[in-house]
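# Summary of structural features
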Amino acid sequence: MSASAVRARGLAALLLGVAGSTGLMWLFGRLEARWVAVGWVCFIPWLLVLDRVNSRREAVLSGLVMGLSFTAAIFGWFPAALQSYSQAPLAVCWLALLLLAPFMELQFITFALARYHLRRTSREGPLAFWRITLTAALVYVGTEWLSPKLFAETLGQAFFASESLRQGADLAGAHGLTLVLLIVNECVLAAGKALAAHGLREGSRRALAPMAVLTALILGCFGYGQLRLRQVAELETPKQQLVVGVVQANITKYEKLAAEMGTYDVVRMILDTHYQLSAELLQNRKVDLLIWPETVYPTTFGTPKSEAGAEFDAEIREFISRSRVPLLFGTYDLEQEREYNVAMFVGLGRDGALERSAYRKTMLFPLTEWVPELIDSPRLREWMPWTGYWKRGPGPQTLPLQLGEGRTLTVAPLICYESIFPSYVAEEARRGAELIITLSNDSWFSGTPAPKLHLMHAAFRSIETRLPQVRVTNSGISALISPTGEVLAEVPDDHRASLALTVPPTPRLSTLMVAWGDWLGPTALLLSAMLLLGPSLLTRRKVRPAA
């Protein structure tokens, strides 16, 4: 066979393997219970490709193609959303996504390289298989933690569709589930190859160890999940109910509306709609706290920029005084010419006077909300006029909310993008939070999988901290999430509604994620470096001549 035919055959095998794994990952990533089992085999087509890799160049190419294919399949909705926001040509948005793919999905390249290196340097036998399997999986997880990602995605998040499996996230987050997924995939492949190469009798004997490990891992994950579900149920002791009212008005694209109607009329419409939905809610149910979504009041509160702004501020205060229900809402905060995206709380103090406090968003979405000062310039603003001007807040904190009848509720406030960062939320939980409250604006992604994915991220934060969560968005998906990650109530994407949510009590269950934060990523990076470099360093020491 000619060299060109060999290359063509290798390329065809690569594309076939990548397509197979991408398709399985796409099914697994649909977050549906019927596809959960696909996670245990989704890597196998690509692993078969990696077993044929004969050089570092081929390994890098395999990882690069897998990363591009994964990005296009899983985030194919993003270019259209980016075009809607920035008005850039769709082709440019696709090009930007694909150019970023090797950096955002770097784990595919490092995994392929590590696996190639280990296959070349490890002696054949059972120990070599376990060294390759564990080290490559640790490289994958460590790289995911280290590489920049817009959406903090990892394949283990798709186990969210299983009530039992997702409970394991309180140990090592969704990355821990990814680690288990990778090891199980390797074990399934090893067992299948043993049976194919050695027949039923001998193959069954050789497949015994990987089959035992994958069985132990899967059953262990299910067993741990059932244990935690029982513990949460037992520790949710009845106490005074907390009823939270949420408003999702489904008013989106404020800038476009302002250009059509004028800024004043848009703010007037937004507030009137929220007053109406809130009043309807309060007529039918006693509510302890009312919540409106992120940036629902699209100007500064408390430091008005105009007479109209001062009138709107006074209206909001009057609404709170009249309803006698404290309000938490998204707005802007201004201090020394620096503007912040904030969650503003206004309620009645112990003396009956209105008091306010604010949480400033820290984790801002790159460019659209915040530009680092090092690269900020008039030229950049001219080239990308859609870039944001907000400044970063001081970091994770809790917010004590004074409710009626002398009750105080300590919450972990999050604004939109912050819900994808496990360590950020864990720090707020360590500070004594009783409830996570997330204000979000997902309107730019309405009609795409993004609102569902963002809700899934939020649910993992509740599992990791064992805190209930109220999530309020302007266009969906607003939801009540239990400490086990179950969505107890929701307002779907592109709907208008107001809901009274009875929040489940906090079980006060300790978790490793709260104690150590997002610990697995750096640990995996360190362990994988030791496993990759350790043997070669020992070999060099042995062959070093005596002095």
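Above this text sits the structure in question.
Structural notes, computed from the coordinates. Just so it is clear, the model here is predicted, and its values are computed rather than measured. (Residues numbered from 1 in each chain as written. Predicted model: local features only at pLDDT ≥ 70, side-chain atom pairs only at ≥ 80, totals over all residues. Heavy atoms only, no water.)

What follows concerns a nonpolar patch on the surface. On the surface, a cluster of nonpolar side chains totalling about 300 Å² of accessible area is made up of Leu526, Leu527 and Met530. Residue position: Met530 is located in helix 16 (residues 520-543). (Patch = residues over 30% accessible without salt bridge, like charges linked within 9 Å, V, L, I, M, F, W, Y side chains within 5 Å. Areas by Shrake-Rupley, 256 points an atom, 1.4 Å probe, with all protein chains shown as cover. Salt bridge = Lys/Arg side-chain N within 4 Å of Asp/Glu carboxyl O. Helix = DSSP H or I, 4+ residues; strand = E, 2+ residues; numbered from the N terminus.)

Turning our attention to the sheet that holds strand 7 (residues 408-415). Reading across from one edge, 6-7-8-9-10-11 is the order of the six strands in this open sheet, with mixed pairing throughout. Looking at the sheet topology across the chains shown, the edges are occupied by strand 6 (399-402) and strand 11 (487-491). For this sheet, the mean inter-axis angle between neighbouring strands, taken without regard to orientation, is 20 degrees. Strand direction decides the pairing type here: strand 6 and strand 7, joined by four bridges, are antiparallel. (Pairing = 2+ DSSP bridges. Axes fitted to C-alpha atoms, helices over the stretch in contact; angles between N-to-C directions.)

Looking now at helix 10 (residues 263-284). Residue pairs three or four apart in sequence face the same way in an α-helix, which turns once every 3.6 residues. For helix 10, spanning 22 residues, the distance from its first C-alpha to its last is 33 Å, which sits close to the expected 32 Å at 1.5 Å a residue. For helix 10, the set of buried residues is Val266, Val267, Arg268, Ile270, Leu271, Thr273, His274, Tyr275, Leu277, Ser278 and Leu281. Among the structural elements, strand 1 (242-248), helix 9 (254-261), strand 2 (289-291), helix 11 (307-323) and strand 12 (497-503) are those in contact with the buried residues of helix 10. (Expected span 1.5 Å × (residues − 1). Buried < 20%, exposed > 50% of the residue type's maximum accessible area, 1.4 Å probe, protein only. Contact = heavy atoms within 4.5 Å.)

For the rest of this paragraph, the subject is the pattern of salt bridges. On inspection of all chains with the given rule, the structure shows 24 salt bridges. Among the ionic pairs, Arg30 bridges to Glu32, the shortest N-O distance being 3.3 Å. Notably, a salt bridge pairs Glu427 with Arg431, separated by 2.9 Å at the nearest N-O pair. Exposure remark for Glu427: the relative accessible area of 21% places this residue in the partly exposed category.

Here the focus is the layout of surface pockets. The gaps left among the atoms become clear once a water-sized probe is rolled over them. Considered as a void within the structure, the second largest pocket measures approximately 860 Å³ in volume. What lines the second largest pocket is a set of 25 residues, among which Gly125, Pro126, Phe129, Ala190 and Lys193 lie closest to the centre. A total of 11 residues in the lining of the second largest pocket trace back to one element, the largest contributor, which is helix 8 (residues 169-235). Here the lining of the second largest pocket is built from residues that sort into 12 nonpolar, four polar and nine charged. (1 Å grid on protein atoms, 1.4 Å probe; cavity = no way out; pocket = protein on both sides within 12 Å on 5 of 7 lines; lining within 4 Å. Points joined across faces, edges and corners; volume = space filled by probe spheres on them. Nonpolar A, V, L, I, M, F, W, Y, C, P; charged D, E, K, R; others polar.)

Here Arg206 shows up in helix 8. Since its relative accessible area comes to 44%, Arg206 is described here as partly exposed. Distance in space between the C-alpha atoms of Arg206 and Leu195 is 8.0 Å, their sequence separation being 11 residues. Apart from the residues lying within four places of it in its own chain, the contact partners of Arg206 are Ala194 and His198.

On to the environment of Ala174. Note that Ala174 resides in helix 8. With a relative accessible area of 6%, Ala174 lands in the buried category. Each C-alpha atom, one on Ala174 and one on Gly245, is 30 Å from the other, the two residues being 71 residues apart in sequence. For Ala174, the contacting residues outside a window of four places in its chain are Thr154, Gly156, Gln157, Ala169, Phe460 and Glu464.

Turning our eyes to something else, we now look at helix 6 (residues 106-121). For helix 6, which comprises 16 residues, the first-to-last C-alpha distance of 23 Å matches the rise-based estimate of 22 Å (1.5 Å per residue) to within 8%. For helix 6, the complete set of buried residues consists of Gln107, Phe108, Ile109, Phe111, Ala112, Ala114, Arg115, Tyr116 and Leu118.

Before going further, it helps to spend a moment on the packing of helix 6 against helix 7 (residues 126-146). Contact geometry of helix 6 with helix 7 gives a least axis separation of 8 Å together with a crossing angle of 155 degrees. With respect to each other, helix 6 and helix 7 are oriented roughly antiparallel. Of the two elements, helix 6 crosses helix 7, and the hand of that crossing is right-handed. Note on element contacts: helix 7 touches helix 6 through Arg131, Ile132, Thr135, Ala136, Ala137, Val139, Tyr140, Thr143 and Glu144, opposite Leu106, Gln107, Phe108, Thr110, Phe111, Ala114, Arg115, Leu118, Arg119 and Thr121. Here the residues of the contact of helix 6 with helix 7 are counted per class, giving 10 nonpolar, five polar and four charged. (Parallel < 35°, antiparallel > 145°, perpendicular 65-115°, else oblique. Left-handed = near helix turned anticlockwise from the far one by under 90°.)

With seven of nine residues buried, strand 3 (residues 327-335) lies mostly within the body of the structure. Bridge count for strand 2 against strand 3 is two bridges, and the pairing is parallel. Looking across to strand 3, one finds that Ile291 is bridged to Leu328. Sheet topology places strand 3 next to strand 4 (residues 338-348); nine bridges connect them, and they run antiparallel.

Honestly, it's all geometry; don't read function into it.
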